[in-house]
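The primary structure of each chain is shown beneath.
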Amino acid sequence: MVEYFLIPAVQILIIFLVLLLFVAYATYLERKVVAFMQVRLGPMRVGPYGLLQPIADAVKLMFKEDIVPAGADKWIFMFAPVITMIPAFTVFSVIPFSDSHTTVFGYPVHLYITDVNVGILFVLALSSIGVFGIILGGWSSNSKYPLLGSLRSAAQMVSYEVAMGFAIVSVLIYSRSLSMIDIVNAQKDMGWWFAVIQPIGFFIYLICGVAETNRAPFDLPEAESELVAGFHTEYSGFRFAIYFMAEYANMILISSIAATLFWGGWLSPFPNVKALSFLQVVPGVVWFFLKVFFFMYLYIWLRATLPRFRYDQLMRVGWKYLIPISIGNVILTAVLRLYFRT
Amino acid sequence: MPDEIKKDQPESKPPAPDSAKPAATPPPAGHAPGHPSVSEKKLATKAAAAASTPWTSPLVEEIKKRFQGSVIESHTMVGQNVIILETPSLIEVCKFVRENEIMPCDYLVDVTAVDYPSREKRFDVVYVLHSFKMNERVRLKIYVADNETIPSVTAIWPTANWLEREVFDMFGIKFSGHPDLKRILLPEGWKGHPLRKDYHLQQMDDEWVKANLNIETGQ
Amino acid sequence: MADVEEKVITALHDHDTFLDSSELIINMGPQHPATHGVYRVRLHLDGEKVLGAESYIGYLHRGVEKLGEHGDYRHYGPILDRMDYVASVSNNLGYCEAVEKLLGVQIPPRAQYLRVILTELQRIASHLVWLGTHAMDIGAMTIFLYCFREREKILNIFEKYFGARLTTNSFRIGGLQFDTYDGFEAECLDFCNDFPRRIAEYEQILSDNRIWIGRTRGIGILKAEDAIALGVTGPVLRGSGVKFDIRKAFPYECYADLDFDIPIGEMGDTYDRYLVRNEEMRQSRRIVMQAIEKLPDGPIMGKVTKVIRPPAGEVYHAIEAPKGELGFFVVSDGTTTPYRTRIRPPSFVNLQALPPMVRGQLVADVVAIIGTIDIVLGEIDR
């Protein structure tokens, strides 16, 4: 009873709260990093170095009026942000932060909520649901800019998910398991991160990840200079905040998956090299978060550097380059794997 | 009409020595006698006219030759050439000015108007033209009466589209043959044409506040 | 050439939409992040493709031309500051010169050189605002702040000299109000010496960036003959390959003594206009450096009476403002009040070229094309 309900419940609560904090401070991180790249300071007023800014933002958004446009499909309009947010947070239940475990009151407690044997499939399935929230939000707003934004978003997410799936398949060929834990352990056994073995897959995943999270330079669904704010133009107050949180949660999620699948999750660099074994003094969970932080930084860096793609160019990149390359990569990987059967 | 203008020269003698011949500056000159405006009174005592000398060039000669009686006069004022035309010949002359070999003015810089309410033909409509070939400019000018419709030059210079709309908006001069003649800067429901001299600066504002805010004036 | 406009009009009627679906009409503006003010363009869309566009302007109309007829000649200057508010120095220059021409006043050489220095700095500042906002419209947001960093230096010089950063007004009919402050030349030279490095930085971020090239190459092509027919001026005209610059064609102030080039584009697309403006910034820097080197001593005010009363007559005077040909048609009736002050705003005429340029492009390109024309609504609507 305790093992199956109470401990997971407490774990879920803790991870959810920590995640919320991470999401909040991801916005802070983004604002600060972008600010430093743009020769300015970023938030400085709320708390020391603006550290309380995310909390101030959350409080502000919570107390803002919740506006539903006239003619909007009210219920869908109200639920659409939630549809986007729930999968973004749920997926973290299968992300292994570390394999270390302790015992609390005689029960083993892991640093992940659960290890499903279809882990990565679960991730892909759930993260696809998020797009419904975006489409429905844009559609139900009864406004033209959100409609265009949500249509762009749907097309973009659907097409980039394909290439992303293939990139992940090329990893699965090596790991021979869908379980996230097993994937990390496979990297441990091989002694190499999959990013080294699968560089093409890694880069495709990285690009698709940016596109999946609607981040620059693929931020067309919310391209502010074209579509005002894209699918969430009509949203205000906390519903807007939910979309915002979902976006950042997705960013963290994509970074976590990238860290797990390609950068060895909680593993230290070169886990099999004896000379570097001192790195294992640092707990795995720290390695994991360092890797996640790196990918987050990469996203922010991209946003501060690159102009935005145009819709047709984005589609061209997706369908004409990424998908064929990723398919080729899967075939190549399979052939190599078959040939050098181990 | 040109005679009338020359007749109504301001009483004062232009001080500039080289403008001993009657200054052909229509702006102050065109006022009908008997209705001196405030500015005209000042003018009568203090005015001096910028030196304007008659201008002849192959282009003007050619226009005069081809379109008999179309040129009212041509002069140079502060180094700028002006041809004053009869309204009916405007389109033919413009076409010629654009296509001719001597000084092809393929570029329309500006279209604007000036209002002289006391004149019989109260508006000057001014076309500023530029010739890339000669790197020279010339102003064409016509006199237009209130409620007179003049032909649009949009077919010759597409630039004229918005410029003529603005003239219509601000002066109420109608252009025939314009593809989309409607107000451009002011809203559709605006009353009057603000750049006419008889349009008071606060007129619309006062009307609006009276109608909407029930106060006497917004100033 | 007349069919340029016709194309626009027919575009609104031929329903060549995909799968014969009905077209989507979308209002871009007057409140939209990419319309650079209160400009409204009504787009007829087939999905994301633009079938046609109609411009609606006038939201910022303040009756500047009418106001000019209600004050004395000198009262008009501060009003003009509010016209093209990112290049107010140029506005004042155009007006002062027009009246000076009418008066027949020659302004002293020192004033001429100072005017040139200040207007060229203003041109750089204006182009920096353009580059920043244009890049931000296309999604490169960092460049915006980089551009504003450099613009800040110019505005600091302006603040010290004019006492204002945006609505600068020290050009007087006949010369200048103030002489320079101590260290003005050094500060200008400081900026000029630093500036090439900065432009190189912008170009490093944008010029070879594949996304940037993809977003601007071949977008909003305006051929030379169409550009002339539509009457565009300034960098838009030069981007189309027409070598026309008022500073060279009808030199005013001391431009005839200064050495500079007029950059022109080849294809007349958005990328060419971007290159042209970048090069113009470099040329402006050259002009400023030369002018500071040659800056003569002497009075800064010509012989102008206290009360300005130009002789009756009319004059059309144009200068090369950052956005194109800024013309002033001043009619005097011999009194102290201008009889008519017509302003020929460059953005107004350039904006006419938008509908032909956006037809057949995508929504995202509309944003790029509005940006590339470089409009300022304060000037369009006056």
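Residues numbered from 1 in each chain as written. Chains lettered and ligands numbered in written order. Predicted model: local features only at pLDDT ≥ 70, side-chain atom pairs only at ≥ 80, totals over all residues. Heavy atoms only, no water.

Participant: Sorry if this is basic, but what is going on with the sheet that holds strand 3 (residues 49-56) of chain C here?
Facilitator: Across a sheet, strands are paired by hydrogen bonds formed along the backbone, either parallel or antiparallel in direction. Residues and elements named next belong to chain C. Read from one edge to the other, the open sheet built from 3 strands follows the order 1-2-3, with strand pairing classed as antiparallel. With partners counted over all chains shown, the strands left at the sheet margins are strand 1 (24-28) and strand 3, one partner each. With direction set aside, neighbouring strand axes in the sheet form an average angle of 20°. When strand 2 (residues 40-46) meets strand 3, the two strands line up antiparallel, connected through 7 bridges. Paired with Leu45 across the strands is Val50, a residue of strand 3. (Pairing = 2+ DSSP bridges. Helix = DSSP H or I, 4+ residues; strand = E, 2+ residues; numbered from the N terminus. Axes fitted to C-alpha atoms, helices over the stretch in contact; angles between N-to-C directions.)

Participant: Which parts of the structure should I look at to understand the nonpolar core?
Facilitator: Generally speaking, nonpolar side chains in soluble globular proteins are found buried as a group. Counting 168 residues, the largest nonpolar core has Tyr127(B), Val153(B), Ile173(B) and Ile117(C) as its most contacted members. No other element matches helix 5 (residues 109-137) of chain C, which puts 13 residues into this core. Not counting chain neighbours up to four residues away, the residues in contact with Val153(B) comprise Leu90(B), Ile91(B), Cys94(B), Leu108(B), Tyr127(B), Ala160(B) and Glu164(B). Ranked by size, the runner-up nonpolar core spans 75 residues in total, among them Ile113(A), Ile120(A), Met315(A) and Ile211(C). (Core = buried A, V, L, I, M, F, W, Y, C linked by side-chain atoms within 4.5 Å. Buried < 20%, exposed > 50% of the residue type's maximum accessible area, 1.4 Å probe, protein only. Contact = heavy atoms within 4.5 Å.)

Participant: Please explain the sheet that holds strand 6 (residues 313-321) of chain C as it appears in this structure.
Facilitator: Residue and element names in this part refer to chain C. What the 3 strands build is an open sheet, ordered 6-7-8; its pairing is antiparallel. With one partner strand each, in any of the chains shown, strand 6 and strand 8 (338-344) form the two edges of the open sheet. Averaged over all adjacent pairs, the angle separating strand axes in this sheet is 15°, with direction ignored. As defined by bridge partners, strand 6 adjoins strand 7 (residues 324-332) across 9 bridges and the pair is classed as antiparallel. Bridge pairing in strand 7 places Gly313 opposite Ser332. Of the strands in this sheet, strand 6, strand 7 and strand 8 touch helix 4 (residues 88-103), which is tilted by about 150° from strand 6.

Participant: Got a minute to help me understand the interface of chain A and chain C in this structure?
Facilitator: For interface size, the figure often reported is the accessible area lost on association. Facing 26 residues of chain A, the contacting portion of chain C comprises 35 residues. Our count for the contact surface shared by chain A and chain C stands at 1 salt bridge. Asp365(C) is paired through a salt bridge with Arg310(A); the nearest N and O atoms lie 3.1 Å apart. For the pair chain A and chain C, the number of links is 9 residue pairs in polar contact (both at pLDDT 80 or more). Secondary-structure elements contributing two or more residues to the side of chain A that touches chain C are helix 1 (2-37), helix 5 (144-175), helix 9 (224-227), helix 11 (284-305) and helix 12 (311-339) of chain A. (Salt bridge = Lys/Arg side-chain N within 4 Å of Asp/Glu carboxyl O. Polar contact = N/O pair within 3.5 Å; in protein donor to acceptor, adjacent residues only side chain to side chain.)

Participant: How should I be thinking about the domain arrangement of chain B in this particular structure?
Facilitator: All names here are of chain B. Annotation of chain B at the domain level lists domain 1 (51-151) and domain 2 (187-219). Distance between the C-alpha centres of domain 1 and domain 2: 34 Å. Opposite the 5 residues of domain 1 that make contact, domain 2 presents 4 residues. When domain 1 packs against domain 2, the two sides together hide about 340 Å² of surface, and 45% of this comes from carbon and sulfur. (Domains from an automatic or database assignment. Buried area = accessible area lost by both parts, 1.4 Å probe.)

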